[in-house]
Structures are given as C-alpha cells and as structure tokens.
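# Chain and residue survey
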Amino acid sequence: MTAAMEPASADLAHFGRFGGRYVPEALTGALDELDVAARDALEDPAFQARLDWLRRDYGGRPTALTLAEGLTEEAGGARIYLKREDLAHTGSHKLCNVLGQGLLAQRMGKRRLIAETGAGQHGVATATIAAKLGLECVVYMGAEDCRRQHLNVVRMQLMGAEVIPVESGSRTLKDAINEAMRDWVTSVSDSHYLIGSVVGPDPFPRVVRDFVRVIGEETRAQVLDRHGRLPDAVTACVGGGSNAMGIFHAFLEDPDVALLGIEAGGEGLDTDRHSATLTAGTEGILHGARSWVLQDEWGQVRPTHSVSAGLDYPGVGPEHAWLRDSGRATYTAATDAEALEGFSLLARREGILPALETAHAVVPTLRRARELGPEGIVVMNLSGRGDKDVDEITEVLEATGQAPGAGAQG
Amino acid sequence: MSAGQPAAPTVPGRVGRAVREAGAQGRAALIVYLPAGYPDLDTSQACLEAAAEAGADLLEVGFPYSDPLMDGPTIQAACQVALDHGYTPHDDLAMCARLTPRIAVPALVMTYYNLVWHYGGVDRLDHFAADAAQAGLAGAILPDLPASEGEPWARAAAAHGLDTVFLAAPASRDATLDAVAQRTTGFVYASSTMGVTGARTALGSEAAPLVARLRARTSDPICVGLGVSNRAQAAEVASFADGVIVGSAVVRAAGEGGPEAVAELVADLAAGCREGHAAR
Ligand SMILES: Cc1ncc(COP(=O)(O)O)c(C=O)c1O
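In this text the structure is predicted, and so the values were computed from the model without any measurement. (Residues numbered from 1 in each chain as written. Chains lettered and ligands numbered in written order. Predicted model: local features only at pLDDT ≥ 70, side-chain atom pairs only at ≥ 80, totals over all residues. Heavy atoms only, no water.)

## Focus: the overall build of chain B
Selection rule: Helix and strand assignments come from DSSP, with helices taken as H or I runs of at least 4 residues and strands as E runs of at least 2, each series counted from the N terminus. This radius of gyration counts C-alpha atoms alone. The globule rule is 2.2 Å times how many residues there are, raised to the power 0.38. For every residue, the accessible area obtained with a 1.4 Å probe (protein chains only) is divided by the maximum for its type, and the residue is called buried under 20%, exposed over 50%, and partly exposed between those limits.
When helices and strands are counted, chain B shows 11 helices and 9 strands. The C-alpha radius of gyration of chain B comes to 17 Å, within 12% of the 19 Å expected for a compact globule of 280 residues. Overall size of chain B, expressed as C-alpha extent along the three principal axes, is 50 × 40 × 35 Å. When each of the 280 residues of chain B is scored for burial, the buried share is 63%.

## Things to note about the interface of chain B and chain A
When the parts come together, some accessible area is lost, and that loss is often what is quoted as the size of the interface. Here is the rule we go by: Throughout, a contact is declared for two residues whenever any of their heavy atoms are within 4.5 Å. Should a side-chain nitrogen of Lys or Arg be within 4 Å of a carboxyl oxygen of Asp or Glu, the pair is scored as a salt bridge. Think of a polar contact as two N or O atoms within 3.5 Å of one another; within protein, one of them needs to be a possible hydrogen donor and the other a possible acceptor, and neighboring residues in sequence only count if both atoms come from side chains.
Of the residues lining the interface, 38 residues belong to chain B; the matching set on chain A comes to 33 residues. The interface formed by chain B and chain A includes 2 salt bridges. Close ionic contact of Asp-32 of chain A with Arg-173 of chain B constitutes a salt bridge, the shortest N to O distance being 2.5 Å. Between the two partners, chain B and chain A, sit 17 residue pairs in polar contact (both at pLDDT 80 or more). Going through the elements one at a time, helix H3 (73-84), helix H4 (89-99), helix H5 (113-118), strand S6 (167-168) and helix H8 (174-183) of chain B are the ones with two or more residues in the side of chain B that touches chain A.

## Notes on the sheet that holds strand S1 (residues 29-35) of chain B
Residues and elements named next belong to chain B. Filter applied, for reference: Paired strands, as defined in this entry, are two strands with at least two bridges between them according to DSSP.
Across the sheet, 9 strands lie side by side as S5-S4-S3-S2-S1-S9-S8-S7-S6; this open sheet has parallel pairing. With partners counted over all chains shown, the strands left at the sheet margins are strand S5 (163-165) and S6, one partner each. As paired elements, strand S7 (residues 188-191) and strand S8 (residues 222-225) share 4 bridges and run parallel to each other. Within S8, the residue paired with Ser-191 across the bridge is Gly-225.

## What to know about the nonpolar core
Applicable threshold: By nonpolar core is meant a set of buried Ala, Val, Leu, Ile, Met, Phe, Trp, Tyr and Cys residues that side-chain atoms within 4.5 Å join together.
If you look at the biggest cluster of nonpolar residues, it comprises 195 residues, and the most contacted ones within it are Phe-248 of chain A together with Leu-59, Trp-153 and Phe-187 of chain B. A total of 11 residues in this core trace back to one element, the largest contributor, which is helix H11 (residues 248-278) of chain B. Once you skip the residues sitting within four places of it in the chain, Phe-187 of chain B turns out to touch Val-15, Val-19, Ile-31, Leu-58, Glu-60, Ile-141, Thr-164, Val-165, Phe-166, Pro-221, Cys-223 and Ile-245 of chain B. Core analysis: the second largest hydrophobic core is formed by 20 residues, Leu-82, Ala-334, Ile-352 and Ala-361 of chain A among them.

## Section: the sheet that holds strand S4 (residues 79-84) of chain A
Each strand in a sheet pairs with its neighbour through backbone hydrogen bonds, running either in the same direction (parallel) or in the opposite one (antiparallel). Residue and element names in this part refer to chain A. This is how it is decided: All axes here are fitted lines through C-alpha atoms, helices being fitted over the stretch that makes contact, and every angle between N-to-C directions spans 0 to 180 degrees.
Within the open sheet, the 6 strands sit side by side as S3-S4-S14-S9-S10-S13. Their pairing is mixed. What marks the edges here is a single partner per strand, and that holds for strand S3 (65-67) and strand S13 (329-335). The sheet shows a mean angle of 25° between the axes of neighbouring strands, direction not considered. Of the strand pairs in this sheet, S3 and S4 are connected by 3 bridges, and their pairing is antiparallel. By the bridge assignment for S4, Thr-66 is matched with Leu-82. Along the sheet, helix H10 (residues 214-227) makes contact with S3, S4 and strand S14 (377-382), crossing S4 at roughly 140°. Docked against the sheet, helix H16 (residues 362-372) engages S4, strand S9 (233-237), strand S10 (258-266), S13 and S14, running at close to 170° with respect to S14.

## Comments concerning the environment of Val-223 of chain A
All names here are of chain A. Note on placement: Val-223 falls in helix H10. Overall, the relative accessible area of 1% leaves Val-223 in the buried class. Taking the C-alpha atoms as reference, Val-223 lies 30 Å from Thr-126; in sequence the two are 97 residues apart. What Val-223 contacts, discounting residues up to four positions off in sequence, is Leu-65, Gly-228, Arg-229, Leu-230, Pro-231 and Val-379.

## Structural notes on the pairing of S8 of chain B
Residues and elements named next belong to chain B. Here is the rule we go by: Here is how to tell: hold the view so the strands point away, follow the path from the first strand over the helix to the second, and if it runs clockwise the crossover is right-handed.
Because side chains alternate across S8, one face comprises the buried residues Ile-222 and Val-224, and the other comprises Cys-223 and Gly-225, equally buried. Handedness of the β-α-β unit built from S7, helix H9 (residues 207-215) and S8 comes out right-handed. In terms of strand pairing, S8 meets strand S9 (residues 243-246) through 2 bridges, oriented parallel. Along S9, the bridge assignment pairs Cys-223 with Gly-243. Once the chain exits S8 it traverses helix H10 (residues 231-238) before rejoining the sheet at S9, and the crossover so formed is right-handed.

## Thoughts on the pattern of salt bridges
What the rule picks out here adds up to 50 salt bridges over all chains. Across the pair Arg-368 of chain A and Glu-371 of chain A runs a salt bridge, and its minimum N-O distance is 3.3 Å. Residue Arg-368 of chain A and its partner Glu-371 of chain A are both found in helix H16; the two are separated by 3 residues, about one turn of the helix. Each of Arg-21, Asp-32, Asp-35, Arg-39, Asp-202 and Arg-206 of chain A together with Arg-173 of chain B takes part in salt bridges that share partners, so that together they form one network.

Pasting the structure below:
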C-alpha cells in the first residue's frame with residue numbers, strides 16, 4: 001500500500017486553497033479535541049484492533065467485489081466490477097465512517113451522538129453504532145426527507161434514536177446540518193457531532209476520509225489479486241463525497257487510474273433543479289469549509305433538487321474541490337432520468353436494487369466502459385442498497401407511467 | 001455603490017470609542033441588533049433609527065444569509081422574511097447608506113462570512129469592505145469567522161477603515177483568546193453561554209469569568225451577548241462588561257410593534273445598562 005498522499009498545502013487543515021475552519025468560535029475547542037483524538041487513535045494499536053474487529057465481525061468487511069456480467073454485456077466494453085458496500089451492515093458505505101467516529105466519541109468521553117441525515121442511511125448508521133456502544137443518539141433530518149425516506153426514520157427509531165424533523169430553510173440535508181451544528185454549539189461538552197460525509201470544518205473531511213478509505217484499499221487489493229494490475233477507472237456518486245473519497249483515496253498516487261465522480265444532475269444542468277455542485281457551482285464557504293457551493297451571485301445558498309435525498313446537497317467536500325482543481329479526478333452529472341435508468345439496469349441485469357444515490361453512477365460508468373473497450377477494467381462503488389427507495393421509485397415511475405406491473409394490470 | 005463620496009467618511013476606531021464613551025458617562029454601552037429587510041427595508045431602517053434615538057450606543061445591522069448557523073429561531077425567522085422579499089446584500093448596503101447619515105452612533109454589519117467573501121463574485125473581501133465603508137458602516141461582526149481564519153478579513157477591513165469584532169466563547173482556550181484579542185480592533189464579543197442567539201430566561205454563570213480572562217489579554221472593550229433580553233439581565237451584564245448586546249428580544253419587538261416597540265424596549269435596556277454599571 002502506498003502512503004497516503006497529503007494535500008499540496010503543508011497545512012493539514014487545507015486541501016490547497018480549500019477546506020479550513022469557518023465556524024463559530026464556540027466550536028473550535030471541540031474541533032481541536034477531535035483532531036488530536038483522531039491522530040492519536042490512528043496510531044494506537046488497541047484502537048485499530050477494536051476498529052478492525054467491528055469492521056469485520058460486526059460490519060461485514062471486507063465487502064465483495066462483484067464482476068457485473070450483465071452490465072459488462074450491456075456496455076459492450078470494459079469489464080465492470082461493483083464494490084459491494086450494499087452488503088455491509090446497515091446497507092451502505094456509511095457504516096465505515098460511524099464505526100470510526102463512534103469509537104472516537106467514546107475515546108473522547110462523549111455520551112451523546114448528534115447526526116444529520118439526508119437519505120437516512122447515515123442516520124441509520126449512527127443510530128446503529130450508538131446502540132452498539134451504548135450512546136445517546138439524536139438525528140436531524142429535513143422534514144421533506146423524513147417523508148421520502150420514511151423506512152429509515154422507522155429503522156432509526158427502532159434502535160432508540162430520536163429523529164428530529166427540520167422545518168427550516170429548504171427542509172433537506174443542508175438545513176439538517178445547520179440544525180445539528182446549532183445543537184452541537186450548545187452541547188459540545190458532552191456530545192460528538194458525527195458528521196456524515198467528507199464535509200464540514202477541519203478536521204472532519206480528513207477524519208471521515210481516513211475511516212472510509214478502507215473501501216479503496218480493499219478494492220485496490222482485490223483488483224490486483226484478480227488481474228495483477230490496477231483498474232483503468234474508478235467511479236462513484238458524489239453527494240458530500242464520502243463514498244467517492246473512500247474508493248478514490250487509495251488510488252490517488254496511481255496516475256493511470258482515472259477517478260470519476262458523478263453528481264446529481266436532477267432535471268438537467270440547464271435548469272436550476274439539480275445538485276451538481278462541482279459541475280455547475282462556484283467557489284464559496286458553506287458548513288465550515290471553503291469548497292464549491294450551489295449559490296447565487298451574492299453567496300446565498302440555492303435550493304437544490306435531486307430524486308435522491310442523499311445527493312440533494314448544495315455543497316461538496318473540500319478534498320473533492322481540490323482533486324477537481326488539480327485535475328486528478330473529474331466530475332460529471334447524471335440526471336434523475338439517468339439515475340432511474342441506472343437503477344433499472346442494476347435491478348434487471350444484476351439482481352441488485354441499488355440506492356438511488358448509487359444509481360446515478362451507473363450510466364456514466366457504462367459510458368466510460370464503452371470508451372475503454374474490452375481490455376479495460378472499471379470499478380463502480382455500489383455505495384448502498386435501495387430498499388429505502390422502493391416507494392419513492394414506484395411513485396416516480398407511476399407519475400411517468402412506467403410503474404412495475406402498470407402494463408400487466410392495464 | 002461603487003462611485004461617489006462616502007456618506008460619512010469611515011474613521012477607524014469609532015466602534016471602540018463609542019463603547020469607551022459610554023463607560024466614561026457611567027454606563028455600559030448598549031449594542032442593538034436588527035436585521036435589514038425585516039419586516040421590509042424601510043421599516044427595518046425606521047426600527048434601527050428608533051433604537052439609536054432611544055439610547056443604543058451602537059447598532060448591528062444583520063444582513064440575512066440563507067444558512068445562519070449561529071442564530072436561533074427568532075432571528076432565523078426574521079431573516080427568512082427578508083430573504084423571501086428577495087433583498088440582496090447590495091440592497092442591505094443601500095439601506096445602510098440611507099441610515100448612517102441619520103444616526104449619531106456607529107453601525108456595524110453583522111453577517112456570515114460567505115456573503116462577505118462572495119460579494120458579487122469570488123474572493124471579494126476587498127469589494128465588500130470598500131462598499132461597507134462607503135455606506136458609512138464602522139465595522140463588521142462575522143460570527144462564523146474565527147480569529148484563526150481572520151487574517152484576510154482583518155487586512156481588508158483595515159484597508160478601508162473598518163473595525164473588526166471577533167467572538168470568544170466560554171470554552172475558548174487561552175491560545176484562542178490570545179488570537180481574538182490580537183485580531184480585534186473594535187470590541188471583543190464575549191458569548192455569554194455556549195449556544196446560538198435567542199432570548200433566555202436566565203443568563204449563565206460563564207460570562208463573567210470569560211470577561212475576566214479577556215481583560216487579562218486586551219485593553220479593547222469587551223461586550224457580552226447571547227440571551228440578554230430584558231432590563232434586569234442588561235444590568236447584570238453591565239456590572240462586569242463594557243457593553244451589552246441584545247438581538248432576539250429587539251427583533252421580536254420590531255416584529256410585534258415596529259419602531260415604537262423597539263424604542264420602548266431599548267430605553268428600558270439602556271436603563272439597565274446604567275443601573276448595572278452604577279452598581280459596580
Ligand atoms: C447509499 C448512499 N450513497 C451515497 C450517498 C451520498 O453521500 P456521499 O457522497 O458522502 O457518499 C448517500 C447519502 O446518503 C447514500 O446513502
């Protein structure tokens with residue numbers, strides 16, 4: 001394994017000109033505490049052993065790397081592999097992050113976890129580790145998202161978490177983050193804010209990345225093992241950017257491995273109903289970090305849209321902003337319609353119901369596989385499973401007259 | 001906003017001087033926050049003028065931002081009203097340019113860093129500072145800009161004669177307080193409690209020790225905010241701090257009774273600022 005490549009800037013808190021810590025002074029003490037705890041923990045064999053045990057015996061790691069025969073045939077090009085984060089406990093890559101941060105919270109002596117959630121996957125994962133470690137858990141979730149991801153609300157409640165619907169602003173993920181931060185400012189002495197992606201003020205983007213990068217480390221070893229070489233391209237959907245950062249990181253120093261992030265193109269980039277921050281945003285400061293933001297010319301954050309709650313976010317992690325800037329990774333967008341097409345392809349050709357977030361990556365991955373031709377190898381991060389989305393998908397398909405069985409029943 | 005003469009030329013140091021003058025007159029300074037554009041631009045200007053006439057020593061003009069994470073429900077809701085009108089920071093500055101020639105006390109802008117940084121483009125601190133000075137504003141408070149990240153703004157502010165205000169919190173470590181003291185040119189904003197804006201029934205016990213820790217580090221005035229909502233609380237804070245900052249309670253008065261209600265509350269708070277100082 002190559003050593004982790006650090007950002008060009010000597011200053012750990014920044015990725016080039018991105019990142020930093022733009023938060024109320026009241027939080028800087030807690031962020032320093034987290035920074036120190038995380039660095040200590042990464043060098044503590046006992047912490048690593050406990051994390052490894054949780055990942056393996058509780059979380060189901062390493063996750064499989066599946067050759068997607070149907071998709072490969074469909075694309076008619078490179079071999080397509082799926083990194084199966086849907087098979088991890090709770091059904092998504094989000095577990096990697098919460099296992100690490102949960103143990104850190106315990107190490108810092110916190111008794112309460114605060115989380116925000118969009119799709120509910122991160123909320124479920126946080127509720128899971130809270131139950132496992134005996135910590136209190138409060139999850140902020142946009143009122144609109146509580147509706148579209150109701151199954152996950154119930155899952156969180158069954159594990160003893162309190163779910164607080166957020167009615168302010170656009171009632172989605174960004175407002176849930178605002179509310180979680182407000183809670184944290186007030187409760188910082190006994191609570192840890194378990195942020196759900198590689199976003200937020202320093203050190204969160206680093207800390208989260210260091211817990212999710214296991215995805216890419218496994219992928220790299222799995223592909224090398226089977227093919228004796230690295231893949232030509234690695235792809236992932238990008239909301240805040242954690243599953244993408246997780247699978248990209250181990251390949252950063254392999255310049256021949258193309259890294260492709262796929263954002264939510266919503267109803268199209270020519271409309272303002274999308275969430276494609278890196279593809280169609282501008283530089284700005286949101287949720288404590290300098291990165292890219294979907295905002296108006298004055299810096300007011302714009303309402304976003306995506307068929308998937310987990311990608312419906314106007315910001316993106318600062319390390320992605322830096323990877324885009326340096327050209328190491330490229331970013332594109334897939335529309336709602338392409339995501340539904342991707343969902344259907346995975347369901348019908350692979351027997352996998354992916355999360356709607358994940359489904360965004362499918363069509364661009366097939367496109368890349370076609371460009372690479374039959375000698376190529378592409379790995380797509382299958383970041384989560386789609387049980388939570390079946391109602392939402394059925395509703396959308398019904399609205400467009402494509403619901404399953406709609407034809408059969410006339 | 002980019003051409004013509006300043007409405008009132010900005011002289012650095014006005015903010016700290018206003019607080020000190022209040023002290024010389026035997027009271028803690030009263031600093032009143034109201035958002036621009038709530039319930040509309042003209043009424044917000046009238047409320048700010050009423051506050052100045054009723055005894056505020058300094059005004060904080062809030063420029064509404066879409067994601068105000070230091071604000072509690074009262075200020076969030078008021079700012080949302082202004083945003084729903086479609087007012088931009090440009091409109092807010094234009095209101096300030098009309099306001100400042102009509103008041104005898106300094107006014108500061110209070111907003112979030114992205115609006116200042118992004119002002120009509122990318123990395124525009126200097127443009128914002130220039131236009132704020134031209135609108136007659138005396139300084140800025142940016143609650144999500146900690147002193148550790150404050151160097152670029154401190155430079156832009158200094159270039160245009162604006163005073164800076166940085167925040168300190170009860171949990172701030174000594175090194176942080178040192179940085180806050182060093183970067184501040186106006187007054188230090190000491191948070192009375194760990195939390196966001198909003199009226200509270202009781203003030204915590206953390207403010208006085210924080211003020212004492214700051215006194216050991218700076219000769220700048222130290223003002224206390226977060227949670228102060230009535231005359232008794234103003235008096236309590238005035239007994240140990242140089243200034244008392246009131247936001248949510250005045251915003252509520254503006255919403256319920258307009259400029260008259262603001263004037264009434266401000267006069268009462270100002271009395272508290274005298275009583276508390278006298279009791280020292
Ligand atoms: C399955 C799945 N994939 C992706 C995402 C997007 O987040 P990120 O970009 O941080 O991986 C989410 C967020 O909820 C998710 O649930």
